[in-house]
Structures are given as C-alpha cells and as structure tokens.
Amino acid sequence: MSLTAGIVGLPNVGKSTLFNAITKKNILAANYPFATIDPNVGMVTVPDKRLEVLVDMYQPKNFVPTTFEFTDIAGLVKGASLGEGLGNKFLSHIRQVDAICEVVRCFEDENVTHVEGNVDPIRDIEIINIELILSDLDIIENRITRIEKRAKTSREKDVVFEFELMTRIKEALQKNIPARFLEYTKEELEILSSFNLITMKPFIYVANIKENEINIEENKYVKMVKEYASKEQAEVVVLCAKIESELSELSDDEKELFLKELGIKQSGLDKLINATYHLLGLATYFTAGEKEVRAWTFKRGMKAPDCAGIIHSDFKRGFIKAEIMSYEDLITCGSEKQVREAGKMRLEGKEYIMQDGDICYFRFNV
C-alpha cells in the first residue's frame, strides 16, 4: 500500500533541508536500502519498536519494515494558481499526494532571506492555503460550466446531484473555506474522488525552529501556528530541520547519543512520520516466522481478506481464515507457543476487522 505525503512551503522556510534529512535517513533493515524513486521522492520507514522486538524474538533471516513516501514539492509563491513561479506544475504534483505537510518558518535569521520580507507564519500559511483554494475553485468552476446546462434542462438525477454538490463546494471555496471542512455523504465522496481536490487532503503543519530553541516549550511563532491549527483541528509537529539533517548523517547509536545530549526522546522527523501515518488512518499488522518478520500497512477499518490481499491478490481471492494473535498477548505470554497454550491464538473469518498490532497467518486456497 503506497501512500505519499507532500512537503510544501514558501521558499527559504526549511522545506528542502527537511526533505534532505528524509532522503538521507538510515532505515532499519540493511537489506532494504533507501531508494530515491525520482529526484523529489524519498522513502522512509515508519518507526515501530514492535518490529525490533519481533526480530529479536523470531531471529528471522530477513525483516522488512513498513514504509512511507515523502514528496518534496517545489516552493510555492503567491500567484501560483495563476501560473506564478512553477505554478500549475507545483499544483499538479500536490494533487497526487495523500496528505500535505506544510512547513512554516518559525525562526528569525538575518542570514536567511524571507521571500515576503519578514517572518509571519500566519501570513505564510494563508498565502499557501489561498493558492490551493483558488486552484480547486478553478477545477470546480470548470466542472460546473460543463454540467450546468444539463442539470437545469434535462434534470437528470445524477447530473443534478453533482451540480448541487459542486455549487456547494464552490460557495465554500469562495469564502476561503477548504473543501475538507464540509460534510459529505458516501455518494458525494465517490463523485469527488475523481477530482483529487487539494483542499480535501488532510494537513499537518510543520513548525521549523532554530537549533537553540529545541528545548524551549514554544516560541511566539510556534504559538501562532498552534492557535491557527487548532481552529482547523490540524496537528502541529515542531522540529528543527537543520538538526534533523545532522541526525540523518549519524548511525543509530550516534543518533541516540545526540538526542540524549539535546534532551529529547524522539527526533522531529520520526514524530512527523508517525503523525502523517496516523493522519491518514493507517495502522500496521505483522507476519512473523523464522524466514521473515514483516510489517504491513493497512487502512483502519479494513477486513481480514482485504488485508490479506495486501500481501498477494491470491490471499484475498482464496481467503479461508486468519490465524491471529495480538502483539500485546505475545509479549505478555513470552512466545508464540505460550500464546497457543494460553488459548489466545484466534481464528478469524471474513468479517474480522483487523487491528493495529495483529500478528497474522492467513489460510487460503486457490
């Protein structure tokens, strides 16, 4: 299950520094080397201590963590929706991602020029958000133009339904309200899925601070971003892109020592990866044995056959049962054998909704 978060921001806010840290990040499995899919896409592992515990327990020949893609999208400037800067190229790239991480400059530095002349995170956020709204508005208005006549003359039920939906979204966008803030029925969401509206995508704000503020609870700019994000019920991840870049050059042991010296438990990049993972409603199940221990990404709410299909389509097509134990039961009991003896190994059928941390063996026949 390939999912991508796009990193966006104005020029000189630390976006590229953060992405460089992502592309250099050492991932857990030596046999799963970092891959640059193309110059602006980086793949990272989702930090998960459970995988490390399972590897220690099973001592497999191979192990594979679950991964996540980050796309570095070219710096956005005011007027992008009208073609300024990279304009439409930027906007076409951002339409392809599943979530948006908006990097906001929350530090002052006379050596780093701000494209707008001074540091003002709320202004910066609104520049980007308005450009995204204008881009979506253009798509919605074009669609309305195409179907309006049919909706008003032929009165086809499906066309009228879509026209009313598009009109409702247009009115919201004209008031600078992103499309994701409206409520939709299942049928409306099915229609909207083909339009790939940018303002429908979930957001995380990334507050980029200076190195000497890493242990300060929050500076005045971070407070501004958090207050703004709270109105949108959006998450804010605070990090220092420069420190993340330095951490990405270190071995695991050196990184742990550096974090201790800084007085923090987890890198900002790991926080961002986890936050993005959960923002998209993702969870992890495991397969474990002597040959391989592997983490698999699935959408919360998926049933066992669909999760089996993530491994191979035959697993879904010929699904019989899923033999499942929870990670917590395995740790409590101490071994798979003891889980079985305690009667905590379960056989689940086609209607079972998979849970984060399930350790599975799928039975199938094709």
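A short tour of the structure in this document, coming up. The model shown is predicted, which means the values in this text are computed figures rather than measured ones. (Residues numbered from 1 in each chain as written. Predicted model: local features only at pLDDT ≥ 70, side-chain atom pairs only at ≥ 80, totals over all residues. Heavy atoms only, no water.)

1. Looking at helix α2 (residues 49-58)
Of all the residues in α2, the buried ones are Arg-50, Leu-51, Leu-54, Val-55 and Tyr-58. On an axial view of α2, the arc spanned by its buried residues comes to 140°, and they lie on one face. Away from its buried face by more than 90 degrees, α2 exposes Lys-49 and Asp-56. (Buried < 20%, exposed > 50% of the residue type's maximum accessible area, 1.4 Å probe, protein only. Helix = DSSP H or I, 4+ residues; strand = E, 2+ residues; numbered from the N terminus. Arc of directions from axis to C-beta.)

2. A closer look at unusual backbone geometry
Residue Asn-176 is not a glycine yet carries a positive backbone phi of 65°. Of note, Asn-196 is a non-glycine position whose phi angle comes to about 55°, a positive value. Along the chain, Asn-196 turns up in the loop between α6 (186-192) and β7 (203-208).

3. Let's talk about the nonpolar core
By size, the foremost hydrophobic cluster in this structure holds 59 residues, and its most contacted members are Phe-68, Phe-70 and Tyr-205. Those residues in contact with Tyr-205 that lie beyond four places of it in its chain are Glu-102, Val-104, Ile-125, Asn-129, Val-225, Tyr-228, Ala-229, Glu-232, Ala-234, Glu-235, Val-236 and Val-237. Ile-133, Ile-147, Leu-192 and Phe-195 belong to the second largest nonpolar core, which has 18 residues in total. (Core = buried A, V, L, I, M, F, W, Y, C linked by side-chain atoms within 4.5 Å. Contact = heavy atoms within 4.5 Å.)

4. Some thoughts on the environment of Val-222
Along the chain, the position of Val-222 falls in helix α7 (residues 220-232). In this structure Val-222 comes out as buried when scored by relative accessible area, which is 1%. Sequence spacing of Val-222 and Pro-121 is 101 residues, and the spatial spacing of their C-alpha atoms is 8.3 Å. Sequence-distant contacts of Val-222, defined by excluding residues within four places in its chain, comprise Cys-106, Ala-207, Ile-209 and Val-238.

5. With respect to the pattern of salt bridges
This structure, assessed with the given rule, holds 22 salt bridges. In this structure, Glu-336 and Arg-340 form a salt bridge, with 3.3 Å as the shortest nitrogen-oxygen distance. In this pair, Glu-336 and Arg-340 both sit in helix α14 (residues 336-341), 4 residues apart, roughly one turn of the helix. Taking the relative accessible area as the measure of exposure, Glu-336 reaches 26% and is therefore partly exposed. On the basis of relative accessibility, which here comes to 41%, the residue Arg-340 falls in the partly exposed class. Between Glu-348 and Arg-346 there is a salt bridge, and its shortest N-O distance comes to 2.9 Å. Accessibility expressed as a relative area gives 18% for Glu-348, which makes it buried. Residue Arg-346 is classed as partly exposed on the basis of its relative accessible area of 26%. (Salt bridge = Lys/Arg side-chain N within 4 Å of Asp/Glu carboxyl O.)

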